[in-house]
Amino acid sequence: MHLEFSYNKEEVLNALRYHFLQRGEIKVFRTTLFILLTFTLVGFSYRLVTIGALIGILGMSVVIGLVFWYMLPVSIYNKAATFQDDIRLNYSEDGIVIATRRSDVKKELSWHAFTQVVKAKNFFFLYKGKKDFFLVPTSAFKTELEQREFERLAKKNIS
């Protein structure tokens, strides 16, 4: 089967946010930050924490939130040339072949090169490791049947 698509920036940014929020270390960091904020607010209500410390910790939390929600996905989007190119993707029982409009080089990947497939709202994430993945937008499929066939192939062949 053959797909041709371009990435939509907002959808890719949301996909990157989804990826980061699923990461274990980010979940731990988010929980730790929530606990710090809770203790700070409780401490402030019992007059154990000054207004300056409360404002400082709240400000730090907002800055960290903006970095994870906005700056990190945008910087990755801007660094990855793939997201700015038109993609041609062929897939079969054997794997996938990826080509771009700007390059004549075709990258052939067996399904076994991937470690996991995750279907999200607008994308299939084909993971080659914990941090390395290829995004296939669900909008690239002409029909629901094509999308289900791709998902079936990926899930069947990726262990």
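Everything below is about the structure printed above this text.
So, about the sheet that holds strand β2 (residues 86-91). Spatially, 4 strands are ordered β1-β2-β3-β4 in an open sheet, and the strand pairing comes out antiparallel. Both outer strands of the open sheet, β1 (2-6) and β4 (107-110), are each paired with one neighbouring strand and no more. On average, each strand axis in the sheet is inclined to that of its neighbour by 20 degrees, with strand direction left out of account. As judged from the 4 bridges shared by strand β3 (residues 95-100) and β4, these two strands associate in the antiparallel manner. Bridge pairing in β4 links Ile96 to Leu109.

So, about helix α3 (residues 51-79). With 29 residues, α3 should cover 42 Å at 1.5 Å per step; its first-to-last C-alpha distance of 40 Å lies within 8% of that length. Approximately 40 degrees is the largest bend angle found in α3, and it occurs at Val67. Among all positions of α3, only Leu54, Ile57, Ser61, Ile64, Pro73, Val74 and Tyr77 are buried. Tucked into the core, α3 has its buried residues touching α1 (9-22) and α2 (24-45).

When you tally the buried positions in strand β6 (residues 123-127), you get 5 out of 5 residues, the bulk of the element. The alternating pattern of β6 places Phe123, Phe125 and Tyr127 on one face and Phe124 and Leu126 on the opposite face, and all of these are buried. In terms of strand pairing, strand β5 (residues 116-119) meets β6 through 4 bridges, oriented antiparallel. Bridging from a neighbouring strand, Val118 pairs with Phe125 of β6. If you look at the hairpin formed by β5 and β6, you'll find 3 residues sitting between the two strands. Relative to strand β7 (residues 133-137), β6 is paired through 5 bridges, and the arrangement is antiparallel. Within β7, the position partnered with Leu126 by the bridge is Phe134.

Okay, the environment of Asn78 next. Inspection of the secondary structure puts Asn78 in helix α3. We classify Asn78 as partly exposed; its relative accessible area is 48%. For the pair formed by Asn78 and Thr50, sequence separation is 28 residues and the distance between their alpha carbons is 41 Å.

On the surface, Leu21, Val63, Val67, Trp69, Tyr70 and Met71 cluster together to form a nonpolar patch covering roughly 580 Å² of accessible area. Among the elements that take part in the nonpolar patch, α3 stands out by supplying 5 residues, more than any other.

Turning next to the packing of aromatic side chains. By convention here, two paired aromatic rings are described through the distance between centres and the angle between planes. Inspection of every chain in the model, using the stated rule, returns 16 aromatic pairs. Ring centres of Tyr77 and Phe83 lie 5.6 Å apart, and the angle between their planes is 0 degrees; this geometry places the pair in the stacked category. Judged by its relative accessible area of 8%, Tyr77 is buried. When the centroid spacing of 5.4 Å and the interplanar angle of 55 degrees are considered together, the rings of Phe125 and Phe133 count as tilted. Since its relative accessible area comes to 0%, Phe125 is described here as buried. Taken together, the ring pairs connect Tyr91, Trp111, Phe114, Phe124, Phe141 and Phe150 into an aromatic cluster.

Calculation notes
Counting of residues starts from 1 at the beginning of each chain's written sequence and follows it residue by residue. Residue-level local features of this predicted model are given only where pLDDT is at least 70; pairs of side-chain atoms are given and counted only at 80 or more, and the full residue set underlies all totals for whole chains, interfaces and linings. Side-chain numbers come from the whole structure's heavy atoms, not from hydrogens or water. Here the rule is simple: two strands pair whenever DSSP picks up at least two bridges between them. Helix and strand assignments come from DSSP, with helices taken as H or I runs of at least 4 residues and strands as E runs of at least 2, each series counted from the N terminus. Lines fitted to the C-alpha atoms define the axes, with helices restricted to the stretch that makes contact. Angles between their N-to-C directions range from 0 to 180 degrees. Helix span is expected to be 1.5 Å times the residue number reduced by one. The bend reported for a residue corresponds to the angle between axes fitted to the seven residues ending at that residue and the seven starting there. Note on classification: 1.4 Å probe, protein chains only; a residue is buried when its accessible area is under 20% of the maximum for its type, exposed when over 50%, partly exposed between these limits. Here a residue-residue contact requires only that any non-hydrogen atoms of the pair lie within 4.5 Å. Excluding any residue in a salt bridge, patches collect residues exceeding 30% relative accessible area, merging like charges within 9 Å and nonpolar Val, Leu, Ile, Met, Phe, Trp and Tyr side chains within 5 Å. Reported accessibility uses the Shrake-Rupley method at a 1.4 Å probe radius. Residues are deemed covered only where the shown protein chains occlude them. By definition here, a salt bridge exists when the distance from a side-chain nitrogen of Lys or Arg to a carboxyl oxygen of Asp or Glu is within 4 Å. Each aromatic pair joins two rings of Phe, Tyr and Trp (for Trp, the six-membered one) with centres within 6.5 Å, and gets the label stacked for planes under 30 degrees apart, edge-to-face for over 60, and tilted for any other angle.

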